[in-house]
Amino acid sequence: MSLTPPAAVIVLAAGEGTRMKSRALPKVLHPIAGRSLVGHAVAAARELAPAQLAVVVGHLREKVVEHLAAEFPEAVPVVQEEQNGTGHAVRVALEALARDGRLGEGAVIVTTGDTPLLTGETLRHLAQAHAEDGNAATVLTAEVPDATGYGRILRGEDGRVRAIVEHKDATEAQREIREINSGVFAFDGKLLGEALSEVRTDNSQGEEYLTDTLQILREAGHRVGAVVAADHQDILGINDRVQLAQARRILNDRLLERAMRAGVTVVDPATTWFDVTVEYEQDAVVQPNTQLKGATRIGEGAEVGPNSTLTDTVVGAGASVSNTTAFEAEVAEGASVGPYAYLRPGTKLGAKGKIGTFVETKKAEIGPGSKVPHLSYVGDATIGEGSNIGAASVFVNYDGVNKHHTTIGDHCRTGSDNMFVAPVNVGDGAYTAAGSVIYQDVPAGALGVTRPQQRNVEGWVSRKRPGTAAARAAEAAQARRRDGSAESDAPSA
């Protein structure tokens, strides 16, 4: 049967997460693989195409609401003023959606904002089983090696879920059970609302447990089922930074495996990190110690790394980027970058162009076939096609108040140790001499020179630095020169 989109998905994200030991961030905003924890939960929920997607917020709610508005504007924030348990959070969300007339009939899926490994595929499997079995409630469970801290699934003789007991409330025998509650559920929306009205707070925490609704529904004669997750790691929750790092490793392994099965060579997965938003094409190669972040895209046959960090950067087919840090840059097909280059936002390198060793660029458009090979800074500049920028050149773009632009034309050859004092233009086919400060426009085909005449002061070292190694070396050289001159002046036999 085809899956009907749920009436709502509710993501529980109100908790403080004290074990994260953070004053700056609520737990659900801690990042992992390019998204916040709650971002992963919302992204997975979004794959079900629910009629409504609500996120229950509480601790530092302003930051969470701002984050959702920027990244997931379709998510409706619902404020839980006091954190009185998961049942209370879901009740608040249902009441808010019903009050605004946004809650229709159908299934309601409840997930948590701290399970970044939960996938849309697992949620679809849960929703599908819930619909096919005609359950009032279906809980996603998992068989785990260590169930400490998790609610245990209590099943009846018929194998159906009888209840869920929280770890703190469980007996010693119940704590031996390894099937745990994931905190993710599918409910009949109408029956959920009725069951929540009967939830009590007579437990060790004095809170409204969402899990109590399962026993309430079962005792009312409704079917309560369970779906065991295919991979128990899907339901791992994050409570501290150790678990955050462990989940990051698991998620990264998944992302790298997906890339490799799609035709990407990852030379050393142990030192390679991808964000979930990274895109790639087959036959790309990623060398060791490389991080690909944000909306980075790697083209077919391109090679990135080693020792590179690319953020929101596009690398074209067949390009090479080595030992490079890049932000919001574009490297066209067949181009090469590095080693030891720094590409700042606005850098655009044309096809078969080159940004070489110890080069920094910013807001620089470098045309096809053009090269900036060595030891240079190119900022706020346009370089045409087939031009070469000499080593140790600086595009002087800042006057202390404003930034100014430099334009280098097509097929130019600029000398080493040039300063281009913006705003300035170098015309097509022009040259500039080594050591020049170019502060006036150079016409097409001209040679720009600002080199002063050299003057040599003979004997300066011996007079001003007597007794030094330099003086002794100079005097020895002068003696050899005098001796050579004397021999050449002697009459021949």
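Residues numbered from 1 in each chain as written. Predicted model: local features only at pLDDT ≥ 70, side-chain atom pairs only at ≥ 80, totals over all residues. Heavy atoms only, no water.

Chemist: Please set out the overall build of the protein chain residue by residue, giving values where relevant.
Modeler: Regarding its fold elements, the protein chain presents 9 helices and 38 strands. By the compact-globule yardstick of 23 Å for 493 residues, the protein chain is too spread out, its C-alpha radius of gyration being 34 Å. For the protein chain, the spread of C-alpha atoms along the three principal axes comes to 130 × 45 × 45 Å. Counting only contacts in the protein chain whose residues sit at least 6 apart along the sequence, the fraction spanning at least 24 positions is 40%. Accessible surface, the protein chain: about 23900 Å² in total, of which carbon and sulfur atoms supply 49%. On the protein chain, the mean spot of the 49 positive side-chain charges and the mean spot of the 62 negative ones are 8 Å from each other. (Helix = DSSP H or I, 4+ residues; strand = E, 2+ residues; numbered from the N terminus. Rg over C-alpha atoms; globule rule 2.2 N^0.38 Å. Contact = heavy atoms within 4.5 Å. Areas by Shrake-Rupley, 256 points an atom, 1.4 Å probe, with all protein chains shown as cover. Lys, Arg positive; Asp, Glu negative; His and termini not counted. Charge placed at Lys NZ, Arg CZ, Asp CG, Glu CD.)

Chemist: Any details on the sheet that holds strand β38 (residues 447-448)? Residues and values, ideally.
Modeler: Strand order in the open sheet formed by 3 strands is β33-β36-β38, and the pairing between neighbours is parallel. In this open sheet, the two edge strands, each paired with only one partner strand, are β33 (413-414) and β38. Two elements, β33 and strand β36 (residues 431-432), share 2 bridges in a ladder whose sense is parallel. Bridge pairing links Thr 414 to Thr 432 in β36. (Pairing = 2+ DSSP bridges.)

Chemist: Tell me about the packing of aromatic side chains, residues and numbers included.
Modeler: This model, assessed by the stated rule, comprises 4 aromatic pairs. Considering the side-chain rings of Phe 274 and Tyr 280, the 6.0 Å spacing of their centres and the 40° angle between planes classify their relative orientation as tilted. Since its relative accessible area comes to 23%, Tyr 280 is described here as partly exposed. Ring centres 5.3 Å apart and planes at 15° place the aromatic pair Tyr 340 and Phe 358 in the stacked group. In this pair, Tyr 340 is assigned in the loop between β24 (336-337) and β25 (341-343) and Phe 358 in the loop between β27 (354-357) and β28 (360-366), connecting sequence segments 18 residues apart. According to the relative accessible area criterion, Tyr 340 is partly exposed, its value standing at 48%. (Phe/Tyr/Trp six-rings, centres within 6.5 Å; stacked < 30°, edge-to-face > 60°. Buried < 20%, exposed > 50% of the residue type's maximum accessible area, 1.4 Å probe, protein only.)

Chemist: An account of the pattern of salt bridges is needed here, citing residue identities and associated values.
Modeler: Taken as a whole and assessed by the stated rule, the structure comprises 15 salt bridges. We note a salt bridge from Arg 155 to Glu 179, for which the minimum N-O separation is 2.7 Å. You can see Arg 155 sitting in strand β8 (residues 152-155) and its partner Glu 179 sitting in strand β10 (residues 179-188), a full 24 residues away along the chain. (Salt bridge = Lys/Arg side-chain N within 4 Å of Asp/Glu carboxyl O.)

Chemist: Quick one: what's the story with the environment of Arg 481, residue by residue and with numbers?
Modeler: Relative to the helices and strands, Arg 481 is located in helix α9 (residues 469-489). Judged by its relative accessible area of 52%, Arg 481 falls in the exposed class. As for Arg 481 and Gly 193, which are separated by 288 residues in sequence, their C-alpha atoms are 104 Å apart.

Chemist: Please give an account of unusual backbone geometry that cites residues and values.
Modeler: Here Gly 305 and Pro 306 are connected by a cis peptide whose omega angle stands at 5°. Between Gly 338 and the following residue, Pro 339, the backbone shows a cis peptide bond with an omega angle of 5°. Note that Pro 339 resides in the loop between β24 and β25. Its identity as a non-glycine residue notwithstanding, Phe 358 has a phi of 55°, on the positive side.

Chemist: Break down the pairing of β28 for me, with residues and values.
Modeler: Two strands pair when backbone bridges link them, and β25 and β28 are joined in this way by 2 bridges, in the parallel orientation. The partner of Tyr 342 across the bridge, within β28, is Glu 360. Two elements, strand β26 (residues 348-349) and β28, share 2 bridges in a ladder whose sense is parallel. Within β28, the residue paired with Lys 348 across the bridge is Glu 365.

Chemist: Provide a residue-level description of the sheet that holds strand β18 (residues 303-304), including the pertinent values.
Modeler: If you trace the 7 strands from one edge of the open sheet to the other, you get β12-β15-β18-β21-β24-β27-β29, paired in parallel fashion. Edge positions in the sheet fall to β12 (265-266) and β29 (371-374), since each of these pairs with one other strand and no more. As defined by bridge partners, β24 adjoins β27 across 2 bridges and the pair is classed as parallel. From the neighbouring strand, Val 337 faces β27, where its bridge partner is Ile 355.

These figures capture arrangement, not role.
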